[in-house]
Amino acid sequence: MTMRHLATAFFLVVPLQAAAAQGTVYRCPGPPVLYTSEITDKEAKDRGCRTIENAPITVVSPPKRAPLAGTPPASGPRGEGSRVDAKEQRQRDSDARAILEAELRREEEALEVLQKEFNNGEPERQGNERNYQRYLDRVESMREAIARKQADIAALRRELAKLQPQAAPRSE
C-alpha cells in the first residue's frame, strides 16, 4: 500500500464509521477511489459502486507525539509556567545583550581584517592569480563579503537597540 493510499484510507475510514451507523456505505471505483454514503442506490449502481456494509472498518489513528525530554507538559495554550518573574527576565535580557555585544565585537574585528586585506579595492595579487580575471573575481568576492559583514553588523546593532531599556517619556 503506497503512502498516498494509506493517507486516503486514513482520512476516509474515520468518516465511514459514522456513515456506516447511518446507512449504506459505497466504494466507488476510479482514481481516486471514493467511499461515500451520500449517494442514492441508483447513483451507486450507475457509477458501478459496491456496498461495503458488512466489511470490517479499520480506523488508523496517528501516533501521539511524546513531549520532549525535560519539557513540562503544558496546560492551556501557553502552559502554566509561561510567565517569568521580572528578575529572571532582566537576567535573560542581560545575557542576550552580552551575547549580542560579543558577537558584534567579533563581526567588527572580522570586518577590519577583511577591509585591511581589501586595501581600498586593490588587494595584493596572489601567486595563483596570473590570470587577471581571477584577481578581479577575488576582489568582487571580497566586496561581497565586506557588504555581508556590514549588513550583519547593522542587524546586530538593531537587535541591541531593541534590548536597550526604554527611557520613560518626560512630561513637561
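Everything below is about the structure shown above.
Only a predicted model underlies this, so the values are computations on that prediction, with no experimental measurement involved.

1. Overview of the state of the cysteines
If you walk through the whole model with that rule in mind, you get one disulfide. Here C28 pairs with C49 through a disulfide, and the sulfurs are 1.9 Å apart. Its S-S torsion of approximately 105° makes the covalent link between C28 and C49 right-handed. With C28 in strand 1 (residues 26-28) and C49 in the loop between helix 2 (41-47) and strand 3 (50-51), this residue pair connects regions lying 21 residues apart in the sequence. In this structure C28 comes out as buried when scored by relative accessible area, which is 3%. Owing to a relative accessible area of 13%, C49 belongs among the buried residues under this scheme.

2. Quick look at helix 3 (residues 86-118)
Compared with an ideal rise of 1.5 Å per residue, which puts 33 residues at 48 Å, helix 3 spans 47 Å between its outermost C-alpha atoms and is within 8% of the ideal. When helix 3 is considered as a whole, its buried residues turn out to be R97, L100, L104, E107, L111, L114 and F118.

3. Topic: the environment of E112
By the element assignment, E112 lies in helix 3. Its relative accessible area of 53% is what places E112 among the exposed residues.

4. Focus on unusual backbone geometry
Negative phi characterises most residues that are not glycine, and trans characterises most peptide bonds. The residue N119 is not glycine, and still its phi comes out positive at about 55°. Along the polypeptide, N119 turns up in the loop between helix 3 and helix 4 (132-163). Of note, the phi angle at N120 is positive, near 55°, even though the residue is not glycine. When you line up the elements, N120 lands in the loop between helix 3 and helix 4. Note on N120: relative accessible area 76%, which makes it exposed.

Basis of the calculations
- Residues numbered from 1 in each chain as written.
- Predicted model: local features only at pLDDT ≥ 70, side-chain atom pairs only at ≥ 80, totals over all residues.
- Heavy atoms only, no water.
- Disulfide = S-S within 2.5 Å.
- Helix = DSSP H or I, 4+ residues; strand = E, 2+ residues; numbered from the N terminus.
- Buried < 20%, exposed > 50% of the residue type's maximum accessible area, 1.4 Å probe, protein only.
- Expected span 1.5 Å × (residues − 1).

None of this, on its own, says anything about what the molecule does.
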